[in-house]
Amino acid sequence: MTDATTVSLGGETVKATVAKFTMAAIGFLGTVVFARILGPTGFGGYYLLFSLVKLGDRAVNGWGAAIMKRYSEADAPERELVGGQLLFTLAWVAVTALVSLLAATWLVSYTGLPEAPVLFVVLMAAVALYEPIDGIVQARGLIGASMWVDTFRSLLTFPLQLGLVLLGLGAAGMAYGLAAATFLSLPPLWYFVRTQPTIPTRGTVENLWAYAKYSIPNSFLGQAYDRFDIVLLGFLLAPAAAGQYEVALKLTVPATFVMLAAQSGLMARVSRLHSQGKAVSVDVSNTLAFSSILAIPMCFGAVAMPELLVVTFFGPEYADAATLLVGLALFQVVSTQSGPLTSAIGGIDRPEVNTRISALTLAINVALGVALTIVYGAVGVVVATVVAETIRYVLSVRVIKRELPDVVLFPRTLLEQVAAAVVMFVVVLALLDAVSVDRWYHLLAIVSVGGTVYGATLLAISRKLRVTIRGILENSRLERYVSRSAD
């Protein structure tokens, strides 16, 4: 049976990254369309609601992280683990439905959406079922399959959301469309689980709880940290400010694609190897070497043309998002380095360390974020997030140095990526001086030229990148040969 050590981490990362880019293209189109149709208030209201849903599903997500960890270990009771996840999910959806009913008036006031209580329950049920099952697929090392099912979900989501919005449902149409697409994606996702659930024994539950008592608060802390900015803007400023922030964030999301794809496979792979007493440092080092390969050039690109990027795609009413874009791009550079470290720490069965780091960084983000937002507005919360993420990275580095001293934390590949991004930056600035950008396709052409320059330069100066690409291609050919032989 397939597990995280029998598949190529590099190959699965490439498959997942391609899927991520496909999803990004669909998601970006949706963001542009809905931001223009709904305006900052309606658009921001939907994301305020979705942020609350993502905070509310953290218990299920944290329990799912424990399931993923135990499922990826050698000799795991897989049927019991799957059954334990489904039972926990159903119980949690019932609890959150009751909470939504009791907090109905506040939900409507906070989001500005009259249907907010019903939308909260529908979205909660969808994501609480989908995400833990997706984690089990990743625990088997099939991150490519996981991401492509998610891509299928994105392909369903956009037309469903667009149709419902155009029918007059407004922001509620976005929520119903996402929920419907998620439910429809569950059958193909379940195909890759291939495990018949059963009731877990007491021993299995106790083993799960030993990890979940940390992974559940980790999940709450992590999501609170990830979505704190937009929630805070909703409290201190207005839904429109949240809409500005979300637009800037959407432009930087592709920076994380390689890291997120590799991170999922890294946690399962480290967990499997560590449970067998094998070395994991090489896998962690290789992930760190390439996890920022998109974040670094995107940060330079954001510095080169922040307002042009925002206004060209989203319109002049989102011009204020330009000042947020540069800070969020810098945040993504740091987060793409800290993310793999967090996964490695969890993979070696030290979730309590991640709990302490997450609690501290969230506290710093909250205190600094509130203070700076009151004084400087939306840009203050971005500055606070960059500072907090830098602290998370430093603390994670200290842990990795102690637990996995052979990990290379600052590989030469990172410096090569910075050098290639500098070359790209100079070329982009020269193009902006020489060409008048009046249409979106003019901007797209400049971005394409910049990306090509970055990729070609990096390929020319980075021997490790060339070796890695060659290895992925060879593994891919081997997998196809084995598959044909099996047939």
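What you see is a predicted model, and the numbers here were worked out from it, not measured in a lab.

Can you walk me through the nonpolar core in this structure?
Phe43, Tyr46, Leu123, Tyr245, Ile293, Val310 and Phe314 are the most contacted members of the largest nonpolar core, which has 81 residues in total. In terms of residues, this core owes the most to one element, helix H1 (residues 9-56), which gives twelve residues. Apart from residues no more than four positions distant in its own chain, Ile293 is found in contact with Val258, Gln417, Tyr454, Leu458 and Leu465. Grouped together as the second largest cluster of nonpolar side chains are 25 residues, Tyr71, Leu81, Tyr130 and Val149 included.

Any chance you could explain the pattern of salt bridges here in plain terms?
Oppositely charged side chains are able to pair whenever their charged atoms sit close together. As enumerated under the stated definition, the model contains twelve salt bridges in all. In this structure, the salt-bridge partner of Arg350 is Glu403, at a minimum N-O distance of 2.7 Å. Remark: Glu403 occurs in helix H16 (residues 378-403) and Arg350 occurs in the loop between helix H14 (322-347) and helix H15 (351-376); sequence separation between them is 53 residues. The partly exposed category is assigned to Arg350, whose relative accessible area is 23%. Accessibility expressed as a relative area gives 29% for Glu403, which makes it partly exposed.

Just to check I follow, could you spell out the side chain of Glu246 for this structure?
Counting through the fold element by element, Glu246 comes out in helix H9 (residues 239-252). Excluding residues that lie within four positions of it along the chain, Glu246 makes contacts with Phe43, Tyr47, Arg227 and Ile230.

In this structure, what is going on with the environment of Arg272? I would like to understand it.
Within the fold, Arg272 resides in helix H10 (residues 257-275). In this structure, the C-alpha to C-alpha distance between Arg272 and Ala74, residues 198 residues apart in sequence, is 6.3 Å.

Is there a simple way to think about a nonpolar patch on the surface in this case?
A surface patch of nonpolar side chains, amounting to about 950 Å² of accessible area, comprises Trp106, Phe235, Leu236, Leu237, Ile374, Val375, Tyr376, Val379, Val383 and Val387. Elements supplying a minimum of two residues to the nonpolar patch: helix H8 (202-236), H15 and H16. Structurally, the position occupied by Val387 is in helix H16. According to the relative accessible area criterion, Val387 is partly exposed, its value standing at 35%.

Explain the environment of Ile37 here, please?
Note on placement: Ile37 falls in helix H1. We classify Ile37 as partly exposed; its relative accessible area is 42%. C-alpha of Ile37 to C-alpha of Leu166: the two residues are 129 residues apart in sequence and 9.0 Å apart in space. Contacts of Ile37, omitting those with residues within four sequence positions, involve Leu162, Val165 and Leu166.

Honestly, helix H3 (residues 78-102) in this entry has me stumped. Any pointers?
The end-to-end C-alpha distance of H3, which contains 25 residues, comes to 37 Å, matching closely the 36 Å that a straight helix rising 1.5 Å per residue would cover. For H3, every residue scored as buried is listed here: Glu80, Leu81, Val82, Gly83, Gly84, Gln85, Thr89, Val93, Thr96 and Ser100.

Would you take a moment to explain the environment of Gln417 for this structure?
Examined against the element boundaries, Gln417 turns out to sit in helix H17 (residues 412-434). Here the alpha-carbon distance between Gln417 and Ile293, two residues 124 residues apart in the chain, equals 6.5 Å. Beyond its immediate sequence surroundings of up to four residues, Gln417 is in contact with Ala289, Phe290, Ser292, Ile293, Ile296, Tyr454 and Leu458.

Help me understand unusual backbone geometry in this model?
Negative phi is the rule for most residues except glycine; trans is the rule for most peptide bonds. At Asp349, a position not held by glycine, the phi torsion is positive, near 70°. Structurally, Asp349 is set in the loop between H14 and H15.

What counts as what
Residues numbered from 1 in each chain as written. Predicted model: local features only at pLDDT ≥ 70, side-chain atom pairs only at ≥ 80, totals over all residues. Heavy atoms only, no water. Core = buried A, V, L, I, M, F, W, Y, C linked by side-chain atoms within 4.5 Å. Buried < 20%, exposed > 50% of the residue type's maximum accessible area, 1.4 Å probe, protein only. Helix = DSSP H or I, 4+ residues; strand = E, 2+ residues; numbered from the N terminus. Contact = heavy atoms within 4.5 Å. Salt bridge = Lys/Arg side-chain N within 4 Å of Asp/Glu carboxyl O. Patch = residues over 30% accessible without salt bridge, like charges linked within 9 Å, V, L, I, M, F, W, Y side chains within 5 Å. Areas by Shrake-Rupley, 256 points an atom, 1.4 Å probe, with all protein chains shown as cover. Expected span 1.5 Å × (residues − 1).

Keep in mind that these numbers describe shape and distance, not what the molecule does.
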